[in-house]
Amino acid sequence: MSFLLRAVLFVLTACIYLACMDDPNPVGGSLLPPSDLPIIKIDTMYPSSHSTSAERYSTIPATRLMLGRFQNYESWAFVSFSLPESLRVAVIKIRDAKIQLRVNYHFGDSLSPLSFVAHRALKSLSGDSLTLDSLNAGGYYDPNPVSSPFNSIIGDTDKIQFSIDTAMVRSWFVNFPDTVSANLGVVLRPTNTNAIKGFMSFSESNPTALRPQLIVQYAKGSDTGSVAISTGGVRFIADISYQNLVQNLDLVYVQSGVSYLGFLNFLNTNPIPAKASIHRAQLELTLNRADSRFNSYTVDSLVSFFVDAFGVNPLAPTDISESKVVAGQKVYAFDIQQYIQGWVRGSPDRSVAIQAYSFRETLDLFVFYGENSGAALKPRVVVTYSPTQ
């Protein structure tokens, strides 16, 4: 047999094998005789239970920095700057130092003043598991302020400036090896009650001129000058307690910024039979508008995740929601065909997690009806399938 013929036979065999691995679908059914037509059915699955749980994520990659308090929400901010080597000498004198931030978001009352005070950071705030409770427990920042209290009504495109202690900034430039004088940045502690403001971060997606700046006037020997530093690191730590967030256990809560995920759990796949071939499966969640919390900055999308024995699996297939209006109710739909196909074939992991698409960028709250709601409102999976024959 020639090499070319063997190659052609190999390719044909491989194609046939791969084709047999796919689930059958109704495409081409019109070409089959009536006795061979596939049986196509549509049924609806309902979850057995739901839950809401916090998931901790670092906000270092976020494009904005959240700071303030609103109702039961609270967000602290952390800013550090990367200093130029040319100014890291002991003879430098800091004549003035200010931090400048550019607003680009609000949550709560936009006309309410923002107030905060800056503290010297004593520990790195980069850990993913860091919480507001940890900050309040002490040790992460010097309790003595390094700025005067800031208190002002600010617009959503304003720039703000506040002075910080020049001795602290000089210690950053001198950069002594001990941790007390190391450049760990500042912690911004909110003291207001009715608004959270968002500021541009160091993200590359933000224009350089709008990123945080450390503006320093200095003297180096007989020379004087100024420098505006716009590189560094930021993060925010936002929080709302579970008790303050979940006001009704019959509802499913999905919160961004703090990042609470909603979970839907399926004890069985009834009425879908075992080993059925799944052609389509859409998870549908109906929004409870009254308990949700949005504003003009809301990113109106969510993401579904497969949940296995180890928790949310970020490597499994995901789907971004699409929305529609059904009988006057807003419904978010997710394609979870691959999840359901695994479930009917015996997978014991039968949960779906729902996360806000903008889980690091906003403080949106999506609230959905749970499994104890009326038939038209409860979560459901509409499944198109063929029973095994």
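Parameters and conventions
Residues numbered from 1 in each chain as written. Predicted model: local features only at pLDDT ≥ 70, side-chain atom pairs only at ≥ 80, totals over all residues. Heavy atoms only, no water. Core = buried A, V, L, I, M, F, W, Y, C linked by side-chain atoms within 4.5 Å. Buried < 20%, exposed > 50% of the residue type's maximum accessible area, 1.4 Å probe, protein only. Contact = heavy atoms within 4.5 Å. pLDDT = per-residue confidence, 0-100. 1 Å grid on protein atoms, 1.4 Å probe; cavity = no way out; pocket = protein on both sides within 12 Å on 5 of 7 lines; lining within 4 Å. Points joined across faces, edges and corners; volume = space filled by probe spheres on them. Nonpolar A, V, L, I, M, F, W, Y, C, P; charged D, E, K, R; others polar. Helix = DSSP H or I, 4+ residues; strand = E, 2+ residues; numbered from the N terminus. Polar contact = N/O pair within 3.5 Å; in protein donor to acceptor, adjacent residues only side chain to side chain. Phe/Tyr/Trp six-rings, centres within 6.5 Å; stacked < 30°, edge-to-face > 60°. Lys NZ or Arg CZ within 6 Å of the ring centre and 35° of its normal. Pairing = 2+ DSSP bridges. Axes fitted to C-alpha atoms, helices over the stretch in contact; angles between N-to-C directions.

1. So, the nonpolar core
- In terms of nonpolar packing, the biggest core is built from 55 residues, with F162, I164, F173, L188, F199 and L214 touching the most fellow members.
- Apart from the residues lying within four places of it in its own chain, the contact partners of F162 are A97, K98, I99, L101, F116, A118, S147, F150 and L188.
- Core analysis: the next-biggest nonpolar cluster, separate from the first, contains 30 residues, A281, L285, A316 and I340 among them.

2. Comments concerning the confidence of the model for the protein
- When pLDDT is averaged along the protein, the result is 88, and 87% of the positions lie at 70 or above.
- Low pLDDT (under 50) marks residues 1–23, which in the prediction has 5 contacts with non-local residues, meaning those over four places away or in another chain.

3. Brief notes about the layout of surface pockets
- Considering only enclosed or pocket space, the largest pocket measures out at about 190 Å³ in volume.
- Considering the residues around the largest pocket, the lining is formed by 13 residues, among which N244, L245, Q247, R293 and L365 are closest to the centre.
- Residue classes in the lining of the largest pocket are distributed as 6 nonpolar, 5 polar and 2 charged.

4. Remarks on the side chain of N206
- Turning to its location among the elements, N206 is positioned in the loop between β11 (194–200) and β12 (213–220).
- Only 3.3 Å separates the side chain of N206 from the backbone oxygen of S201, close enough to count as a polar contact.
- Beyond its immediate chain neighbours, meaning those up to four positions away, N206 contacts T63, M200, S201 and R211.

5. As for the packing of aromatic side chains
- Within this structure, the stated rule accounts for 14 aromatic pairs.
- Ring centres of F70 and F107 lie 5.5 Å apart, and the angle between their planes is 80°; on these two criteria the pair is classed as edge-to-face. Linking F70 in strand β3 (residues 64–70) with F107 in strand β5 (residues 92–108), this pair joins segments that are 37 residues apart in sequence.
- Feature note: the residues F294, Y332, F366 and F368 constitute an aromatic cluster, connected by ring pairs.
- Over the ring of Y140 we find K123, and its NZ or CZ is 4.8 Å from the ring centre.
- Taking the ring centre of Y46 as reference, the NZ or CZ of K378 above it sits at 5.0 Å.

6. Some details on the sheet that holds strand β17 (residues 277–286)
- Across the sheet, 5 strands lie side by side as β1-β25-β17-β22-β21; this open sheet has antiparallel pairing. Single-partner strands in this sheet number two, and they are β1 (41–45) and β21 (322–326). Strand after strand, the sheet turns through a mean of 30° between neighbouring axes, direction not considered.
- Bridging between β17 and strand β22 (residues 329–335) involves 5 bridges; their strand directions are antiparallel.

7. Focus: the pairing of strand β13 (residues 223–229)
- As judged from the 7 bridges shared by β12 and β13, these two strands associate in the antiparallel manner. If you follow L214 over to β13, its bridge partner there is I229.
- Here β12 hands over to β13 after 2 residues, with G221 in that stretch at a positive phi of 70°.

8. Quick notes on the side chain of S386
- Take S386: it is sitting in strand β25 (residues 380–386).
- Of note is the side chain of S386, whose polar atom sits 2.9 Å from the backbone oxygen of I39.
- The residues contacting S386, other than those within four sequence positions of it, are P38, I39, I40, A276, S277 and H279.

9. As for empty space enclosed by the protein
- Within the structure shown, the criterion is met by 2 cavities of 30 Å³ or more.
- Estimates place the volume of the largest cavity at around 130 Å³.
- Grouping the amino acids of the lining of the largest cavity by side-chain chemistry returns 7 nonpolar, 3 polar and 4 charged.
- In this structure, the second largest cavity encloses a volume near 30 Å³.
- Taken together, W76, A77, F78, L125, L135, V187, R235, F236 and I237 make up the full set of residues lining the second largest cavity.
- Those elements that provide at least two residues to the lining of the second largest cavity are β4 (73–81) and β14 (232–239).
- Its residues assigned to classes, the lining of the second largest cavity comprises 8 nonpolar, no polar and 1 charged.

10. Description of the pairing of β4
- Of all 9 residues in β4, 9 are buried; the element is thus mostly enclosed.
- Burial along β4 is two-sided: the face carrying Y73, S75, A77, V79 and F81 and the face carrying E74, W76, F78 and S80 are both buried.
- Two strands pair when backbone bridges link them, and β3 and β4 are joined in this way by 3 bridges, in the antiparallel orientation. Along β4, the bridge assignment pairs R69 with E74.
- The antiparallel hairpin formed by β3 and β4 contains 2 residues in its connecting segment, where Q71 sits at a positive phi of about 50°.
- As defined by bridge partners, β4 adjoins β14 across 8 bridges and the pair is classed as antiparallel. Across the sheet, F81 pairs through a bridge with G232, a residue of β14.

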